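Chain by chain, the residues:
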Amino acid sequence: MEACNRKEKGFLARGIIPAVITPLTPAGKFNESAMRKLINYLIDGGVHGLFVVGTTGEFYGLTPEEKREVFQVTMDETKGRVPVYAGTNGITTRETVMLTQLAEECKIDAVSVLTPMFITPNQGQLFGHFKTVAESTSLPVVLYNNPPKTGVNLAASTVAKLAEISNIISIKDSSGDLTLTAEYIRLTRDRDDFNVLVGRDTLIYGALCYGAAGSIASCANVAPRLCADIYDKFIAGDLKGSLEAQFTLAPLRIAFTIGTFPSVIKESLTMLGIEAGPCMDPVGPMTTEERESLRKVLIGMGLLK
């Protein structure tokens, strides 16, 4: 548990950080009022940060000006209660730099930068990409590895080299490969200015056992208190309670396959009475049968009666 409690200089990425959805109106526009309500629901649920405009936030469908609006509304509503992380993901380095500087203009606390998608840069090119992005900003940078979505994997040796750059402070690993997550931790564990976050919601407890500092979790949109319990109970030494919370959460993450991502998260919020709106086309609404399957999952978790 030492890695989770390190007294680090500067910004500390830790705890349960929801990968926040982007609420939309029926016409597909950013829903500011719904976003403000969601932010308070999440903070009241005990989360330790907010991560906007990531994969769950449908970053790929938002224009730079729409991202600016999401950033500004989030910062305004959060009012410093928890740190705000922003996804600044681009295919090219210059696009990523532009979005990172946009986040800095909006006074975001830290940025999360995904590996480029569609193209397949080698490890040397990935190192150069992240180095250039980090040098373009004074913000803390969280690397983001999600090979199931991008087809690009950040090697553990590359991450160890990137961890030497002063403002690269963490990595979110959504590979689902706990061996890789553990290697990120093993190769950087001697640094007191870098840590690892897990991005696969079924592996939060396991990653904490290896020494991860927390999780950027999609499921925390729906069950913030349950996700926070995994971390809070682990840090408090209640390993049995932490594991039980993890097991209770697991069916929701496994249910992601019921619909096209991120529809399961938005539909779950809607069932809980929290305005989320549709996903961006071409991701359509879930069918009646899919909704019924999802409803059973939420009932089984105790989130719905």
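So, here's what we can say about the structure.

## Quick notes on the sheet that holds strand S3 (residues 84-87)
Taken together, the eight strands give an open sheet; going across it, the order is S1-S8-S7-S6-S5-S4-S3-S2, and neighbouring strands pair in parallel fashion. One side of each edge strand has no neighbouring strand; the edge strands of this open sheet are strand S1 (15-18) and strand S2 (50-52). Across the sheet, the axes of successive neighbouring strands diverge by a mean angle of 25°, strand direction being ignored. Pairing of strand S4 (residues 110-114) with strand S5 (residues 141-145) involves four bridges; the strand directions are parallel. Among the inter-strand pairings, Val 113 is bridged to a residue of S5, identified as Leu 143. Strands in contact with helix H4 (residues 123-135) are S4, S5 and strand S6 (168-173); relative to S4, the strand with the most contacts, it is inclined by about 160°.

## Comments concerning the state of the cysteines
Tallied over the full model, the rule gives zero disulfides. Left without a disulfide partner, Cys 219 is nearest to the cysteine sulfur of Cys 227, which lies 5.9 Å away. Cys 219 gets classed as buried once you look at its relative accessible area, which sits at 0%.

## A word on the side chain of Thr 88
Inspection of the secondary structure assignment puts Thr 88 in the loop between S3 and helix H3 (93-105). Side-chain polar atoms of Thr 88 contact the side chain of Thr 100, separated by 3.0 Å.

## What about the environment of Glu 135?
Locating Glu 135 in the fold gives a position in helix H4. In this structure Glu 135 comes out as exposed when scored by relative accessible area, which is 56%. For the pair Glu 135 and Ile 168, spaced 33 residues apart in the sequence, the C-alpha separation amounts to 9.7 Å.

## Description of the packing of H3 against H4
Two elements in contact, H3 and H4, have axes separated by 9 Å at closest approach and are oriented at 30°. In terms of their interaxial angle, H3 and H4 are classed as roughly parallel. The handedness of the crossing between H3 and H4 comes out as right-handed. In contact with Thr 93, Thr 96, Val 97 and Thr 100 of H3, H4 contributes His 129, Thr 132 and Val 133. For the contact of H3 with H4, the residue count by class is two nonpolar, five polar and no charged.

## Quick look at unusual backbone geometry
If a residue is not glycine, its phi is most likely negative; likewise, a peptide bond is most likely trans. Here the bond from Phe 261 into Pro 262 is cis, since omega is 0°, no more than 30 degrees from zero. Considering the arrangement of structural elements, one finds Pro 262 in the loop between helix H10 (239-254) and helix H11 (263-271). Residue Pro 282 is bonded to the preceding Asp 281 through a cis peptide linkage, with omega at 15°. Mapping Pro 282 onto the fold places it in the loop between H11 and helix H12 (288-300). Phi at Lys 107 is positive, roughly 65°, even though this residue is not glycine. Locating Lys 107 in the fold gives a position in the loop between H3 and S4.

## Concerning a nonpolar patch on the surface
There is a patch of nonpolar side chains on the surface, built from Ile 91, Phe 118 and Ile 119 and spanning about 330 Å² of accessible area. Looking at the secondary structure, you find Ile 91 in the loop between S3 and H3.

About the criteria used
- Residues numbered from 1 in each chain as written.
- Predicted model: local features only at pLDDT ≥ 70, side-chain atom pairs only at ≥ 80, totals over all residues.
- Heavy atoms only, no water.
- Pairing = 2+ DSSP bridges.
- Helix = DSSP H or I, 4+ residues; strand = E, 2+ residues; numbered from the N terminus.
- Axes fitted to C-alpha atoms, helices over the stretch in contact; angles between N-to-C directions.
- Contact = heavy atoms within 4.5 Å.
- Disulfide = S-S within 2.5 Å.
- Buried < 20%, exposed > 50% of the residue type's maximum accessible area, 1.4 Å probe, protein only.
- Polar contact = N/O pair within 3.5 Å; in protein donor to acceptor, adjacent residues only side chain to side chain.
- Parallel < 35°, antiparallel > 145°, perpendicular 65-115°, else oblique.
- Left-handed = near helix turned anticlockwise from the far one by under 90°.
- Nonpolar A, V, L, I, M, F, W, Y, C, P; charged D, E, K, R; others polar.
- Patch = residues over 30% accessible without salt bridge, like charges linked within 9 Å, V, L, I, M, F, W, Y side chains within 5 Å.
- Areas by Shrake-Rupley, 256 points an atom, 1.4 Å probe, with all protein chains shown as cover.
- Salt bridge = Lys/Arg side-chain N within 4 Å of Asp/Glu carboxyl O.

Geometric descriptors of this kind do not, in isolation, establish any biological role.
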